[in-house]
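Commentary on secondary and tertiary structure
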Amino acid sequence: GQNIDQPTEMTATEGAIVQINCTYQTSGFNGLFWYQQHAGEAPTFLSYNVLDGLEEKGRFSSFLSRSKGYSYLLLKELQMKDSASYLCAVRDQSASKIIFGSGTRLSIRP
Amino acid sequence: GAVVSQHPSWVICKSGTSVKIECRSLDFQATTMFWYRQFPKQSLMLMATSNEGSKATYEQGVEKDKFLINHASLTLSTLTVTSAHPEDSSFYICSARDPASGSYEQYFGPGTRLTVT
């Protein structure tokens, strides 16, 4: 079966750092994505991890531990525009389709 | 980056009618496209994988006779919601990967908001 868990909601302060965790239990694994989605819009790609470790891209970093079935998305220097839902998604065993977690709604306060 | 478009961006239809949603890859060829549905404040639920020139693969619990998928060319997949009911009202999003790019990123269309009255 497929099970991808994320916190439902998080709140952080402008200028601060926030870490959004994702744990997964899937029948196969061929990589993990993080997407950002603003309300009423399509998701936009943030990161892709297939090997263990930290991938840094500007203010956003993503970490993966395959042995623990765990990933996190780290957002630094938070801006108000970062208020959005953040979706963790896993490429399945067939490596063709992506299964999404329930998403984390992040609210940034001034 | 690669661009995926959807049409229409929103549609309102009456219960019992059918609605067709188009998904196009504008600057790349996609042998596979994916259709998702998203209810308010929920995540994306994969409905089916659309394969060019062959039958779509539906996820468990998705009625293939209700959600007809056609992938007639390398740049176009269509989703037809047949005999729509109010509970089919949702945000429908397609995505595609550009196999020529060597990237595993999936590009999403802007979505289609369907309201069934």
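Higher on the page you've got the structure.
The rules we used
- Residues numbered from 1 in each chain as written.
- Chains lettered and ligands numbered in written order.
- Predicted model: local features only at pLDDT ≥ 70, side-chain atom pairs only at ≥ 80, totals over all residues.
- Heavy atoms only, no water.
- Pairing = 2+ DSSP bridges.
- Helix = DSSP H or I, 4+ residues; strand = E, 2+ residues; numbered from the N terminus.
- Axes fitted to C-alpha atoms, helices over the stretch in contact; angles between N-to-C directions.
- Disulfide = S-S within 2.5 Å.
- Buried < 20%, exposed > 50% of the residue type's maximum accessible area, 1.4 Å probe, protein only.

Moving on, we get to the sheet that holds strand β7 (residues 67-73) of chain B. Residues and elements named next belong to chain B. The strand order β1-β3-β8-β7 describes an open sheet built from four strands, whose pairing is antiparallel. Looking at which strands have only one partner, the edges of the open sheet turn out to be β1 (4-7) and β7. This sheet shows a mean twist of 15° between the axes of neighbouring strands, independent of strand direction.

So, about the state of the cysteines. Inspection of the entire model under this criterion finds two disulfides over all chains. The disulfide partner of C22 of chain A is C88 of chain A, and the S-S distance across this bridge is 2.0 Å. Here the disulfide of C22 of chain A and C88 of chain A is left-handed, its torsion about the S-S bond being about -70°. Separated by 66 residues along the polypeptide, C22 of chain A in strand β3 (residues 18-25) and C88 of chain A in strand β9 (residues 84-91) bring together distant segments of the chain. Since its relative accessible area comes to 0%, C22 of chain A is described here as buried. Residue classification places C88 of chain A among the buried residues on the basis of a relative accessible area of 0%. Paired by a disulfide, C23 of chain B and C94 of chain B hold their sulfur atoms 2.0 Å apart. Measuring handedness by torsion sign, the sulfur bridge of C23 of chain B and C94 of chain B sits at about 80° and is right-handed. Placement of the pair is C23 of chain B in strand β3 (residues 19-25) and C94 of chain B in strand β9 (residues 90-97), with a sequence separation of 71 residues. The structure places no disulfide on C13 of chain B, whose sulfur is separated from the nearest cysteine sulfur, that of C94 of chain B, by 18 Å.

Just distances and angles here, no functional claims.
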